[in-house]
Amino acid sequence: MDPIIQVQAVSKSYWRDSFEIPVLNNISFDIPAGEYLALMGPSGSGKTTLLNLIAGIDRPNKGQISVAGTNIGSLNESQLAKWRSTHVGFIFQFYNLIPVLTAYENVELPLLLTSLSKKERRQHVETALTVVGLQDRMQHYPKQLSGGQEQRVAIARAITTDPTILVADEPTGDLDKNSADEILTLLERLNTEFHKTIVMVTHDPRAAEKARVVRHLDKGEFKRS
Amino acid sequence: MKVFKLVFKNALRHKLRTILTIIGIAIAVMAFGLLRTVVTAWSAGVEASAANRLITRQAVSFIFPLPYSYRDQITKIPGVDAVTYANWFGGTYIDKNQFFARMAVDAETNFDLYPEFLIPSDQLTTFKRERNSCVIGSDLAQRYKLKIGDEMQMDGDIYPGKWNLVVRGIYQPRDKSTDATQMFFHWQYVDERMRQDNPGRAGNVGWYVIRISDPAKAGTISDQVDALFKNSRAETKTETERAFQQGFVASAGAIITAMNFISFVIIGIILLVVGNTMIMSARERTREYAVFKTLGFSAGHLVGLILGESLFISLLGSALGLLVTYPFIAGFAAVVPKGFFPVFNIEPITVVLAASSALLVGLLASLFPIQRALGTKIVDGLRHIG
């Protein structure tokens, strides 16, 4: 299968005061379309940094990342923002829903950047919330939902624009076991049933088990499995 | 769901904080409105002065009189259209707290030179005919519930004795800048009494009012008037009505300057109040702004959200402030001594200044939060713990 994500010789380091802290060191790998990849590794291994680079919310110091044929390093900030809105669905560890918006309005947010009519937006939102099983919680505010439900709303927000890839950063990290299982089942379903390419960062071996491929990072490099 | 709705919801996220901020702005706008209104009321006479009127007074001081005989000589100067004269009467009506301008004027010519005082012709005819009559402004009539035919008894101080006058005319102001609290009666009435009781003070006028045909020649005509009486026992000083009025205002110049300064300090206070609220809000939402950016919202969207919220708060506070300014100023006018400010209106420029200041404050208060929101990297914003 053709790769949908190509990471070529990517390095990334951060500066803390006058110290350079290397995070990723010359990473190269491909992710085929429809893949469900789990990135694992200890804290500071660079997995979240790699995820951020793939999602286009950070830039590498060296190397190139292409998603669906687009070299995202060549895009300026404005182009990159537009690219993210159509190609990336982001699922955060702490859900990051907007507290003053209802579940419906949170899911509708990314659609406001499209040319869809109000009616079309409604269809997309209802479909996304139905997929995550929250069609009866549309008018609830985040504070009226459980952690698991909040994360499902966040997943609905991530899939409502039908993005090319889904990236998830510790999606079960803030959830109890039952809620975490629900989220993992949902992600698995998105991959198998809706053929979504998913890149997930996790510490949780049970979460990683659900992925088709697991890669381990350590000190900015992939460990040989 | 639209951006406006989000702006509205964001603004009301911390209701108490937003409400206190809005009330703070409203109070500041109200104080600004009051100070500006007092400043404009102080210079109302200057603003209402006509370009084609000159005032001739005694060169040494306004309190010294001029001979009545000057009138004919002034009238003959080329470019002089008409001349009238008046005396400041002073006196007391009811009690010393009831202040308004009382002037002995030439009944025949006074209203010709002051077209801003609108008086029905039949009332004017009666006024001219009856020596003990007076004309009062409509505000004065309203204040003391006076009507045509009513008597007004004055206790004289500059011109001692009891003075009984009958209201024969009530003038209306031509516009809001015209003082409708003045009282005019016959100079001849006062002069006759002076001839009997104090002949040395008879035949004197306080000042002359000269209407000129060409306002551009005001300087030349003023010089000509003053040259006429140079080295006489009562030298004159002639100036435009505006300059004459400014002379009065100048005595309170430092106070007015201070009030003007304070009114703009208030704008600075509003800026700090809104700025503080916006900085707190933006700091708390650092992670949310990062989420917006992650979802693909552009810098322009974030600017719209922050600027919109800042403008919403400042304009709402300003609107509320302006709304309460009207009754507040009416209340203030009711407690200051009657007649102290004959023209005490909220000028349109005050409303425009308050509204545009609020707009400017909303804009300025959002600059730092905008710069902060746009300057924070997404990855740093997502890590922010607010």
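As a starting point, this report considers the structure included with it. Because the structure is predicted, anything quoted here is derived from the model rather than measured.

A separate point is the overall build of chain B. Check the secondary structure of chain B and you find 15 helices and 13 strands. Principal-axis analysis of the C-alpha atoms gives chain B an extent of 95 × 45 × 35 Å. For chain B, the residues scored as buried account for 38% of the 386 residues in total. Contacts spanning at least 24 positions in sequence make up 82% of the contacts within chain B whose residues lie at least 6 apart.

Attention shifts here to the overall build of chain A. What chain A contains, in helices and strands, is seven helices and 10 strands. For 225 residues, the compact-globule estimate of 2.2 N^0.38 gives 17 Å, and chain A sits close to it at 17 Å. With the principal axes as the frame, chain A shows a C-alpha extent of 50 × 40 × 40 Å. Counting the 225 residues in chain A, one finds 46% classified as buried. Long-range pairs, those at least 24 residues apart, make up 69% of the contacts in chain A with a sequence separation of at least 6.

Residues of helix 2 (residues 77-87) of chain A that are buried: Ala81, Arg84 and Ser85 of chain A. All buried residues of helix 2 of chain A fall inside an arc of 100° around its axis, so they share one side. Looking at the buried residues of helix 2 of chain A, the elements they touch are helix 1 (47-55) and strand 6 (88-91) of chain A together with helix 12 (286-295) of chain B.

This part takes up unusual backbone geometry. Excluding glycine, residues mostly have negative phi values, and the peptide bonds linking residues are mostly trans. Residues and elements named next belong to chain A. Of note, Tyr95 is a non-glycine position whose phi angle comes to about 65°, a positive value. Position of Tyr95 among the secondary structure elements: in the loop between strand 6 and helix 3 (103-108). Here Tyr95 falls in the buried class, since 23 other C-beta atoms lie within 10 Å of it. With phi around 55°, Asn96 is a residue other than glycine that occupies positive phi space.

The interface is formed by 15 residues belonging to chain B together with 17 residues belonging to chain A. Those elements giving two or more residues to the side of chain B that touches chain A turn out to be helix 1 (3-11), helix 12 and helix 15 (378-383) of chain B. Top contributing element to the side of chain B that touches chain A by residue count: helix 12 of chain B, with six residues. Each residue belonging to the side of chain B that touches chain A can be placed in one class, and the counts come to six nonpolar, four polar and five charged.

Quick look at the packing of helix 2 (residues 15-42) of chain B against helix 13 (residues 299-335) of chain B now. All names here are of chain B. Contact geometry of helix 2 with helix 13 gives a least axis separation of 7 Å together with a crossing angle of 45°. Compared by their axis directions, helix 2 and helix 13 come out oblique. Between helix 2 and helix 13 the crossing geometry is right-handed. The residue inventory of the contact of helix 2 with helix 13, partitioned by class, reads 16 nonpolar, nine polar and no charged.

This brings us to the packing of helix 2 of chain B against helix 14 (residues 348-375) of chain B. Residues and elements named next belong to chain B. Between helix 2 and helix 14, the least distance of the axes is 10 Å, while the angle of their chain directions is 145°. The hand of the helix 2/helix 14 crossing is right-handed. Of helix 14, the residues touching helix 2 (which contributes Val29, Phe32, Gly33, Arg36, Thr37 and Thr40) are Thr350, Leu353, Ala354 and Ala358. Taken together, the residues of the contact of helix 2 with helix 14 sort by class into five nonpolar, four polar and one charged.

Turning next to the environment of Ala334 of chain B. Residues and elements named next belong to chain B. In this fold, Ala334 is placed in helix 13. On the neighbour-count criterion, Ala334 (8 C-beta atoms within 10 Å) is exposed. Spatially, the C-alpha atoms of Ala334 and Leu113 are 31 Å apart, while their sequence positions differ by 221 residues.

Right, let's talk about the nonpolar core for a bit. If you look at soluble globular proteins, the nonpolar side chains tend to sit buried side by side. Grouped together as the largest cluster of nonpolar side chains are 101 residues, with contacts concentrated most on Leu39, Ile54, Val167, Val199 and Met200 of chain A. Among all residues touching Val199 of chain A, those that are not within four sequence positions of it are Ile31, Leu37, Leu39, Leu51, Ile54, Ile165 and Val167 of chain A. Val190, Val205, Ile210 and Ile212 of chain B belong to the second-largest nonpolar core, a separate cluster that totals 45 residues.

Our focus in this paragraph is the sheet that holds strand 3 (residues 36-40) of chain A. Residues and elements named next belong to chain A. Ordered in space as 6-7-8-3-9-10, the six strands form an open sheet in which the pairing is mixed. Sheet topology places strand 6 and strand 10 (221-222) at the edges, where each strand pairs with a single neighbour. Sheet topology note: the strand 6/strand 7 (residues 165-169) ladder contains four bridges and is parallel. Across the sheet, the residue bridging to Ile91 is Ala168, located in strand 7. Against the sheet, helix 6 (residues 177-192) makes contact with strand 3, strand 7 and strand 8 (197-201), and its axis sits at roughly 150° relative to strand 8, the strand it touches most.

What follows concerns the sheet that holds strand 2 (residues 19-32) of chain A. All names here are of chain A. If you trace the four strands from one edge of the open sheet to the other, you get 2-1-4-5, paired in antiparallel fashion. For this open sheet the edge positions go to strand 2 and strand 5 (70-71), each flanked by a neighbour on one side alone. Sheet topology note: the strand 1 (residues 3-16)/strand 4 (residues 62-67) ladder contains five bridges and is antiparallel. Bridged to Ile5 within strand 4 is Val67.

Another aspect to go through is the environment of Glu170 of chain A. Residues and elements named next belong to chain A. Looking at the secondary structure, you find Glu170 in the loop between strand 7 and helix 6. Considering only alpha carbons, one finds Glu170 and Lys219, 49 residues apart in sequence, at a separation of 19 Å. Discounting chain neighbours no more than four positions away, the residues touching Glu170 are Gln93, Val201, Thr202 and His203.

It is worth spelling out helix 11 (residues 253-284) of chain B at this point. In this model helix 11 of chain B runs 47 Å from its N-terminal to its C-terminal C-alpha over 32 residues, within 8% of the 46 Å that 1.5 Å per residue would give. The inward-facing, buried residues of helix 11 of chain B abut helix 2, helix 13 and helix 14 of chain B.

Residues and elements named next belong to chain B. In this sheet, strand 9 (residues 161-173) lies alongside strand 6 (residues 117-118) in antiparallel orientation, the contact comprising two bridges. Bridge pairing in strand 9 links Phe117 to Pro173. As paired elements, strand 7 (residues 133-137) and strand 9 share five bridges and run parallel to each other. Its bridge partner being in strand 9, Cys134 is matched across the sheet by Val167. Sheet topology places strand 8 (residues 151-156) next to strand 9; six bridges connect them, and they run antiparallel.

What counts, and where the lines are drawn
- Residues numbered from 1 in each chain as written.
- Chains lettered and ligands numbered in written order.
- Predicted model: local features only at pLDDT ≥ 70, side-chain atom pairs only at ≥ 80, totals over all residues.
- Helix = DSSP H or I, 4+ residues; strand = E, 2+ residues; numbered from the N terminus.
- Buried ≥ 20, exposed ≤ 12 C-beta atoms within 10 Å, placed from the backbone.
- Contact = placed C-beta atoms within 7 Å.
- Rg over C-alpha atoms; globule rule 2.2 N^0.38 Å.
- Arc of directions from axis to C-beta.
- Nonpolar A, V, L, I, M, F, W, Y, C, P; charged D, E, K, R; others polar.
- Axes fitted to C-alpha atoms, helices over the stretch in contact; angles between N-to-C directions.
- Parallel < 35°, antiparallel > 145°, perpendicular 65-115°, else oblique.
- Left-handed = near helix turned anticlockwise from the far one by under 90°.
- Core = buried A, V, L, I, M, F, W, Y, C linked by C-beta atoms within 7 Å.
- Pairing = 2+ DSSP bridges.
- Expected span 1.5 Å × (residues − 1).

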